[in-house]
Amino acid sequence: MLIAVILGFIFALLVPFFSRFFKKAIPFIFPILPISLFIYFVGFLGEIKSAAHQLYRYEWVPSIGVDLSFRLDGLSLLFALMITGIGALVFVYTANYLKDHEYLDRFYGYLSMFMASMLGVVLSDNLMTMFIFWELTSISSYFLIGFNNNDPASRKSALTALSITGFGGLAMLSGIVILQSVGGSYSFTELLNSSEVIKSSSSYGWIIALLFIGAFTKSAQFPFHFWLPGAMKAPTPVSTYLHSATMVKAGIYLLARFTPLLGDTFWWNGTLVTVGAITMVYAAIHSVFRVDLKSILAYSTISALGILVFLIGIGTEKALLGAGIFILAHALYKAALFLITGIIDHETGSRDVSKLAGLQQVMMPVAIAGFIAALSSAGVPFLLGFISKEVMYEATLDLGQWAIILTVLLVLTKVGILVAGFWAGIKPFIGNLPSEFNKAHLPSPLLWFPPLLLGVLSLGFGIFPSLMTESLIQPVFSSMSGADTVIQLKLWHGFNLVLLLSVLTLVTGGLLYWFLIPSEARFQKTLRYESISPQNIIEGGSNLFGHFARIWTKFFQNGYLRNYVITILAFLTLLMSFRLFGGVNIHLDWDQISPVSSYEIIVVVLMIISILFAITTNSRTVAIVALGVVGFANCLFFVFYSAPDLAMTQFSIDTLTVLLFMLVLLKLPKNRSFSSKGMKIRDAVLSLLFGVLIAILTLEVFEEPSSSEISKYYADNAYILAKGRNVVNVILVDYRGFDTMVETVVLVIAAVGVYSLMKLDLNPSKKDS
Amino acid sequence: MKSLIFKTASTYLLPLLLLFSIFILLRGHYLPGGGFVGGLMASIAFLIHSFAFGLKETQHIIRINPGFLMPIGLVLAVGAAVAPFFIGAPVLKGLWFEEQFRFIGIVGSALFFDVGVYLVVIGATLTIMFSITDTV
Amino acid sequence: MEILLIIIIGLLHAGGLYMLLRRSMFKMIIGLIFLGNGANLLIFLLGRLVKGKPPVMEDGMKVFTDIYADPVPQALVLTAIVIGFGLQSFAIILIKRVYKVLQTDDLDELNSTDEEI
């Protein structure tokens, strides 16, 4: 199982290294991967029927409870089959669709990476592992949407998709962490046992809110839906695979997966029904205003995802069953429609539904596939879409007081989806072939076979629902609802309200399709409302944020060193004074203070005078001399207070510094007074405050009784251990020898720096460039 | 600055100061002094000489480029630090010769370490000062 | 005496900061040196002032018999002085170099970022 999941990653990793050796063979090698995985997962159909679920565990990070454990039950098997099955078709299709594309190998690499991460999402039992795979799908989706990386629009869409889904992913991560802290485990299977505890805990609201954000962003629910139409910038195989059949269903998977754990509460059902209903109606209406085929399909996909959320939100057994079937039905027909759109685009170079017509004359097999897919999406009898629609209507009609309004919303959505499906699957093929598309011809079977196969499957499952009822739908239903009701799917329910609704949907949709001619003008009209769309609001928000960041940065990072210093020190001063005014008692212990003798006073006065001189003078020489005096006065303090080593060092250093200054700085231009008086006063006030604070701080520290254990140890053992009598030197060369060694290295670095600065020939003309 | 008095004085000052700096270095373990101060003294000695006679002359006296003193000093210091390692003691442990030397007292790894510091300080300071004087 | 030293420490910090905020690079370095001196004195002071008792044993003794000044701050300050010298000389050379290349001592003329150059 582990190998099955990570095989895709291995493939993706190998691509850059080996692709150049058999570039020609790539289209034949890569589809082997999903096909064999598909066969592998088909083999589980029989086992899952008998056992509730299977667990596979591999240790990964046991210390924080994260392991690679995989759970195979009906729900994950359905998704795994969809991922590998549609994956196989897409892999085959791509071989021809992107034939001779420069980066075909790269594309396959991304696709296999995506497939592997998607498998990881649906199979993981450990929620942390699932989150990692979840983010990997976002990342691979980013690469795939931005595959045409020369196109700015493509890059922007990729970034939008990544930011939205990434944001959702982070929310989900927090949700998972809270869930773990409440439920005590990252393992979904173990959490199932503590379902009641979690539902009654006070963090339940947070958990579901955060998980919802994750699911809604991924599955393009209102108001996060807008990244999906943008993602249609990707090559069609990607739209087929990621943005209709699999990745966007990850959110649905998440909700379905958590239904037995967190579901069946007021907030859970209420939120999902509301959001799902808004999304499905909103997107269904949107889809009939579009003219670009991919755009129409994108909105119809959002609408379908809305239906799924809506059904999971209703949460009755019927509704969950409907959701289960609809996941499959939708994947089959929508993938087919996308693939067909890709073929049309590929052959005619146009995706404008108002222009396309009559293509069945040149590409019959594609047209057949299109018809089947369109009819399945419409829910015409004998197709899988019909069965799913019947179950859905049954589910909403059972709801008592809410039945009417929810059913009406569902019918409305279904009508929109029908129109969208007809436009994509039927409209381009019937009528007269316009002369501009004369050159179009039937593409290679590698392109038209996949959608046709999908169509045949829709038809097969539609006519013989028993093919899948027991083997697939029953386990899916059990793992979603947790109930073990035996389900029956029938093609014919007799004359009842449900059938009436179906007919109503078909008729309304048919009429709408007949009278509503897609036109560019109507699409333009909708653009008027763009400014209040969620996309604009969220983008505006993020722009505002960027703008704010720029202003902020400009304000603080203004390139003036002293402004940085002022900012930092003003803040420090403020902070310290706040602390100091917060009640500091300074008791000076006058016994501790040593008496002052006359020569000390002379040195102190000398020092103060020279500091003031150095600050106020405009002459460099005076400043340097004053600096020297300060240094020597410092040196005298060291002499007075028993630090002969320090005094000697300070003396030598001071001599050297003054010499250095004299050598270098006298050659500089005349000192000018740059600052205005106001600035000087401001700086002076800040500096004085800073000085006062440092003084108070020193006083405060000085008050603390000093602990001299270290000094005592060093001094007591100076001779005994290190055979030295000058403790300072012993510390330097023995106790802390390593520090001294590093210090000498610092000195060497400074010397090398100076040497290279002086000897390096900086070309003076560079400053002009 | 090339007055006769200064020149004459610095001719004598150089050996005296150098001697003094070595004295400071060696007594560092027992009395105030040590590698840092000694090194700085020696640098000042050379610097004074270079003021009096010019850079060329001083460089001629030193013979080697002072920059080379830095790696030599570093090697000495590091060598003194890791030497105990080879006889099985922890790095930087002080090792001592059994017998006392005349004038210097007991000699140990700490002294070599200090000599290393001394050389590095001379090397670094002179490199800095000379490269400045050179291009002024 | 400690009080006087504390005042000097405060003054060194204040003066150092004031000089650091000037536009001339020369003054900036003076500020840097003042700050360094102030910090050195501060650390030294925190080791307490002891008059005439350096942390050096008398000849022939193996342990201290009298009180002595705290050697740890002294060792710290000694290191700081030498490192400070390295820093100062590097900074001084840097100004010289900048002046040679750009013909200015004014920090405000150096505030363009790499991007703009």
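Here the structure is a predicted model, which means the values were calculated and not measured.

**Remarks on the overall build of chain A**
- For chain A, the count of helices and strands is 33 helices and two strands.
- In chain A, which comprises 769 residues, the share counted as buried stands at 48%.
- Contacts in chain A between residues far apart in sequence, at least 24 positions, make up 78% of those at least 6 positions apart.

**Points about the overall build of chain C**
- Each helix and strand in chain C was counted, giving three helices and zero strands.
- Moving toward the C terminus, one meets the helices and strands of chain C in the order α-α-α.
- Out of the 117 residues in chain C, the part that is buried amounts to 53%.

**Regarding the confidence of the model for chain A**
- Averaged over all residues, the pLDDT of chain A is 82; the fraction at 70 or higher stands at 93%.
- Per-residue pLDDT stays below 50 along residues 764-769 of chain A; that stretch engages in three contacts with residues further than four places along the chain or on separate chains.

**Focus on the environment of Tyr118(B)**
All names here are of chain B.
- For Tyr-118, the position within the fold is in helix H5 (residues 109-135).
- Residue class for Tyr-118 comes out buried when judged on the 30 C-beta atoms lying within 10 Å of it.
- Sequence separation of Tyr-118 and Phe-36 is 82 residues, and the distance between their C-alpha atoms is 5.8 Å.
- When sequence neighbours within four positions are dropped, the list of residues in contact with Tyr-118 reads Leu-25, Gly-35, Gly-38, Gly-39 and Gly-73.

**Section: the interface of chain A and chain B**
- Between chain A and chain B, the contact holds 36 residues from the first and 41 residues from the second.
- Secondary structure elements with two or more residues in the side of chain A that touches chain B: helix H29 (644-665), helix H32 (727-735) and helix H33 (737-759) of chain A.
- It is H33(A) that provides the largest number of residues to the side of chain A that touches chain B, a total of 13 residues.
- For the side of chain A that touches chain B, the class distribution of residues is 21 nonpolar, nine polar and six charged.

**Some points on the nonpolar core**
All names here are of chain A.
- By size, the foremost hydrophobic cluster in this structure holds 188 residues, and its most contacted members are Leu-308, Leu-311, Leu-332 and Ala-336.
- Broken down by element, this core gets its largest block of residues, 20 residues, from helix H17 (residues 317-348).
- Once you skip the residues sitting within four places of it in the chain, Ala-336 turns out to touch Ala-369, Ala-373, Pro-451, Leu-454 and Gly-455.

**So, the interface of chain A and chain C**
- On the side of chain C, 78 residues touch chain A, which itself brings 87 residues to the contact.
- Put simply, the parts of the chain that give the side of chain A that touches chain C at least two residues each are helix H26 (561-581), helix H27 (598-616), helix H28 (620-640), H29, helix H30 (677-703), helix H31 (709-722), H32 and H33 of chain A.
- Looking at the side of chain A that touches chain C, the element that brings in the most residues is H30(A), giving 13 residues.
- For the side of chain A that touches chain C, a count of residues per class yields 58 nonpolar, 18 polar and 11 charged.

**Looking at the environment of Phe34(C)**
- Structurally, the position occupied by Phe34(C) is in helix H2 (residues 25-46).
- Among residues more than four places away in sequence, those in contact with Phe34(C) are Leu12(C), Gly15(C), Gly16(C) and Met19(C).

**Examining the pairing of strand S1 (residues 54-61) of chain A**
All names here are of chain A.
- Direction of pairing for S1 relative to strand S2 (residues 66-72): antiparallel, over a ladder of seven bridges. Its bridge partner lying in S2, Glu-59 is registered against Asp-67.
- Taken together, S1 and the strand that follows it, S2, pair antiparallel across an intervening segment of four residues, in which Gly-65 is found at a positive phi of about 75°.

**Notes on unusual backbone geometry**
All names here are of chain A.
- Along the chain, Phe-222 connects to Pro-223 via a cis peptide bond; the corresponding omega equals 0°.
- One can find Pro-223 in the loop between helix H11 (204-218) and helix H12 (227-231).
- The residue Phe-382 is not glycine, and still its phi comes out positive at about 75°.
- The class of Phe-382 is partly exposed, set by 14 C-beta atoms lying within 10 Å.

**Notes on helix H4 (residues 69-86) of chain B**
All names here are of chain B.
- Its 18 residues place the ends of H4 25 Å apart at the C-alpha level, agreeing with the 26 Å of an ideal helix rising 1.5 Å per residue.
- Maximum bend of H4: about 35°, positioned at Ala-80, with proline Pro-84 one to four residues after it.
- For H4, the full list of buried residues reads Leu-69, Met-70, Gly-73, Leu-74, Ala-77, Ala-80 and Ala-81.

**Structural notes on the packing of helix H18 (residues 364-378) of chain A against helix H21 (residues 445-463) of chain A**
Residue and element names in this part refer to chain A.
- At a minimum axis separation of 8 Å, H18 and H21 run at an interaxial angle of 40°. By the angle between their axes, H18 is oblique relative to H21. Where H18 crosses over H21, the handedness of that crossing is left-handed. Taking contact as the criterion, the partners of Pro-365, Val-366, Ile-368, Ala-369, Ile-372, Ala-373 and Ser-376 in H18 are, on H21, Trp-448, Pro-451, Leu-452, Gly-455, Ser-458 and Leu-459.

**Concerning the packing of H27(A) against H28(A)**
Residue and element names in this part refer to chain A.
- It is the contact of H27 with H28, at a shortest axis distance of 8 Å, that shows an interaxial angle of 155°. One finds that H27 runs roughly antiparallel with respect to H28. In terms of crossing hand, the pair formed by H27 and H28 is left-handed. Here Glu-600, Val-603, Leu-606, Met-607, Ser-610, Ile-611, Phe-613 and Ala-614 of H27 come into contact with H28, specifically with Val-622, Ala-623, Ala-626, Leu-627, Val-629, Val-630, Ala-633, Leu-636 and Phe-640.
- For the contact of H27 with H28, the per-class residue count stands at 15 nonpolar, one polar and one charged.

**Focus on the confidence of the model for chain C**
Residues and elements named next belong to chain C.
- Of the residues in chain C, 89% have a pLDDT of 70 or more, and the chain-wide mean is 81.
- Across residues 113-117, confidence stays below pLDDT 50; counting only partners more than four residues off in sequence or on other chains, it has two contacts.
- For this predicted complex, the interface score ipTM comes out at 0.89, alongside a pTM of 0.65.

**Points about the environment of Gly342(A)**
Residue and element names in this part refer to chain A.
- Turning to its location among the elements, Gly-342 is positioned in helix H17.
- For Gly-342, a count of 27 C-beta atoms within 10 Å gives the class buried.
- With 103 residues separating them in the primary sequence, Gly-342 and Ser-239 have C-alpha atoms 9.4 Å apart.
- In this structure, Gly-342 is in contact with Tyr-97, Thr-236 and Pro-237, ignoring residues within four places of it in sequence.

About the cut-offs
- Position numbers for residues start from 1 in each chain and track the written sequence from start to end.
- For naming, the first written chain is A and the first written ligand is 1, with later ones following in the order written.
- The predicted nature of this model means local features are confined to residues of pLDDT at least 70 and side-chain atom pairs, given and counted, to a pLDDT of 80 or more, with totals for whole chains, interfaces and linings taken over all residues.
- Helix and strand definitions here come from DSSP, where helices need a minimum of 4 consecutive H or I residues and strands a minimum of 2 consecutive E residues; each element is numbered from the N-terminal end.
- Burial is judged by counting the other C-beta atoms within 10 Å of a residue's own C-beta: 20 or more makes it buried, 12 or fewer makes it exposed, and any count in between marks it as partly exposed, with every C-beta position built from the backbone.
- Residues are treated as contacting if the C-beta atoms built from their backbones sit within 7 Å of each other.
- The predictor attaches a confidence to each residue, and that confidence, scored 0 to 100, is pLDDT.
- Note on residue categories: nonpolar means Ala, Val, Leu, Ile, Met, Phe, Trp, Tyr, Cys or Pro, charged means Asp, Glu, Lys or Arg, and polar means any other residue, Gly included.
- Working definition: the nonpolar core is a set of buried Ala, Val, Leu, Ile, Met, Phe, Trp, Tyr and Cys residues, joined through C-beta atoms within 7 Å.
- Only when DSSP finds a minimum of two bridges between them are two strands counted as paired.
- Working rule for helices: expected span equals 1.5 Å times residues minus one.
- A residue's bend is simply the angle between two axes: one fitted to the seven residues ending at it, one to the seven starting at it.
- Here an axis means a line fitted to C-alpha atoms, over the contact stretch when the element is a helix, while the angle between two N-to-C directions is reported on a 0 to 180 degree scale.
- Comment on the angle field: the value is read as roughly parallel under 35 degrees, roughly antiparallel over 145, roughly perpendicular from 65 to 115, and oblique elsewhere.
- Crossing handedness: left-handed means the near helix sits turned counterclockwise from the far one by under a right angle, and right-handed means the same turn made clockwise.

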